[in-house]
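Survey of secondary and tertiary structure
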Amino acid sequence: EPLAANVLKLTLQDRFDMGDARDLGHYALTSATDPLFGSPVAPDTVGIRTYVGDFSDSGPVPQLVFEIFLVFPESMTPDAGYTLTVDSIADLSGNEFNEPFDHGFTYTETTSVNGTVKANQVGYLPEGPKYGYLGNYLGDAGMMDIAPTTFVVRDASDDQAVFTGAPILRGDDSVLSGEEVYSCDFAALTTPGTYYLHAPGLGRSHDFVIGKGAYTKAARTAARGLYYQRCGTALAPPAADPRWAHA
């Protein structure tokens, strides 16, 4: 999964030998259409992250997620095709791949969400403040090094640009997100609609809405959640869903 034009994330199902995974020679990125990757290009940095992603349905057994981050010295070109080759990564028993793993993909910035570009998924009020944020964390490789110069708000229906601005560096958040954070202020965009935030070289956000009713569903859901937790009193329609009503 691309996290930026020069960063790829690999997600593995099983534990692996971290020392072996850090061998830069195990990885190569090539392209038949991008001359920068006409010959195999190896990453110059490898980051590793392991965390608990979920718990088993059968009990409190943590389900671990294993991620490898590859930072390349060159940047990919939007809409060009690439192949990532991983010749092998040993598991904890020393077992390696039977054959190299090849993954072909097209690098796109406006079709898939990668977590680098963030917006308020609930939405924004037309006359209210509107901020998006840029940044990502590469495990033990630290903050993803970014230097964005432009952000674009695009109409989700046709990808057309409706607002353009310059990101502002907010600082290094080493305590919470582990990211170098840039903010994108698009408060001047007040036209109701469904949009997404695009940062060239980094990717796009989830869709979001701008509208007077942007927070209605979230407010109603929160209020109903508190209402259903009331004790010692009847929960009756229409305030309560008939499925959960009681005397």
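Everything below is about the structure printed above this text.
All figures in this text were calculated on a predicted structure; none of them were measured in a lab. (Residues numbered from 1 in each chain as written. Predicted model: local features only at pLDDT ≥ 70, side-chain atom pairs only at ≥ 80, totals over all residues. Heavy atoms only, no water.)

A few words now on the nonpolar core. A general feature of soluble globular proteins is that nonpolar side chains tend to end up buried together. Counting 25 residues, the largest nonpolar core has Leu134, Met144, Val153, Leu202 and Phe208 as the members making the most contacts within it. Broken down by secondary-structure element, the contributors of at least two residues to this core are strand S1 (2-4), strand S5 (62-71), strand S10 (151-155), strand S13 (179-185), strand S14 (193-199) and strand S16 (208-210). No other element matches the three residues that S14 contributes to this core. If near-sequence neighbours (up to four positions away) are discounted, Leu202 is found in contact with Leu3, Ala4, Tyr107, Glu109, Asn114, Thr116, Val117, Leu134, Met144, Ile146 and Pro148. Listed in part, the 23 residues of the second largest apolar core include Leu8, Val41, Val46 and Leu70. (Core = buried A, V, L, I, M, F, W, Y, C linked by side-chain atoms within 4.5 Å. Buried < 20%, exposed > 50% of the residue type's maximum accessible area, 1.4 Å probe, protein only. Helix = DSSP H or I, 4+ residues; strand = E, 2+ residues; numbered from the N terminus. Contact = heavy atoms within 4.5 Å.)

How two aromatic rings sit relative to each other is given by the distance of their centres and the angle of their planes. Under the criterion given, the structure shown has ten aromatic pairs. Ring plane angle 40° and centroid distance 6.3 Å describe the contact between Tyr195 and Phe208, whose orientation is recorded as tilted. Note that Tyr195 is positioned in strand S14 and Phe208 in strand S16, a separation of 13 residues in sequence. When sorted by exposure, Tyr195 lands in the same class as Phe208, which is buried. Each residue in the set Tyr124, Phe186, Tyr195 and Phe208 is aromatic and connected to the rest through ring pairs, giving one cluster. The side chain of Arg49 reaches across the aromatic face of Tyr51, ending 4.1 Å from its centre. Over the aromatic face of Tyr196 sits the side chain of Arg204, whose NZ or CZ is 3.8 Å from the ring centroid. (Phe/Tyr/Trp six-rings, centres within 6.5 Å; stacked < 30°, edge-to-face > 60°. Lys NZ or Arg CZ within 6 Å of the ring centre and 35° of its normal.)

In total, this model carries seven salt bridges according to the counting rule given. The shortest N-O distance in the salt bridge between Glu67 and Lys9 comes to 3.6 Å. In this pair, Glu67 is assigned in strand S5 and Lys9 in strand S2 (residues 7-12), connecting sequence segments 58 residues apart. Across the pair, exposure class does not vary: Glu67 and Lys9 are buried alike. The salt bridge involving Arg22 is made with Asp140; its shortest N-O contact spans 2.5 Å. Taken together, the residues span a long stretch of sequence, with Arg22 in the loop between helix H1 (18-21) and strand S3 (27-30) and Asp140 in the loop between strand S9 (131-134) and S10 at a distance of 118 residues. (Salt bridge = Lys/Arg side-chain N within 4 Å of Asp/Glu carboxyl O.)

All right, on to the pairing of S10 then. In terms of burial, S10 is a largely internal element, four of the five residues being buried. Sheet topology places S10 next to strand S11 (residues 161-165); four bridges connect them, and they run antiparallel. Within S11, the position partnered with Arg154 by the bridge is Ala161. Connecting S10 to the antiparallel partner S11 that follows it, the hairpin turn spans five residues, and Asp159 within it adopts a positive phi of roughly 65°. (Pairing = 2+ DSSP bridges.)

What follows covers a negative patch on the surface. Residues Asp17, Asp23, Asp87 and Glu96 make up a contiguous surface patch of negative charge. Along the polypeptide, Asp23 turns up in the loop between H1 and S3. When its relative accessible area of 37% is taken as the criterion, Asp23 is described as partly exposed. (Patch = residues over 30% accessible without salt bridge, like charges linked within 9 Å, V, L, I, M, F, W, Y side chains within 5 Å. Areas by Shrake-Rupley, 256 points an atom, 1.4 Å probe, with all protein chains shown as cover. Lys, Arg positive; Asp, Glu negative; His and termini not counted. Charge placed at Lys NZ, Arg CZ, Asp CG, Glu CD.)

Right, let's get into the sheet that holds S2. In space, the four strands of this open sheet follow the order S1-S2-S5-S4, with antiparallel pairing throughout. A single partner strand is all that each edge strand has here, and the edge strands are S1 and strand S4 (45-55). Across this sheet, the average inter-strand angle for adjacent strands is 25°, counted without regard to direction. Sheet topology places S1 next to S2; two bridges connect them, and they run antiparallel. Residue pairing for S2: Ala4 is matched across the bridge by Val7. (Axes fitted to C-alpha atoms, helices over the stretch in contact; angles between N-to-C directions.)

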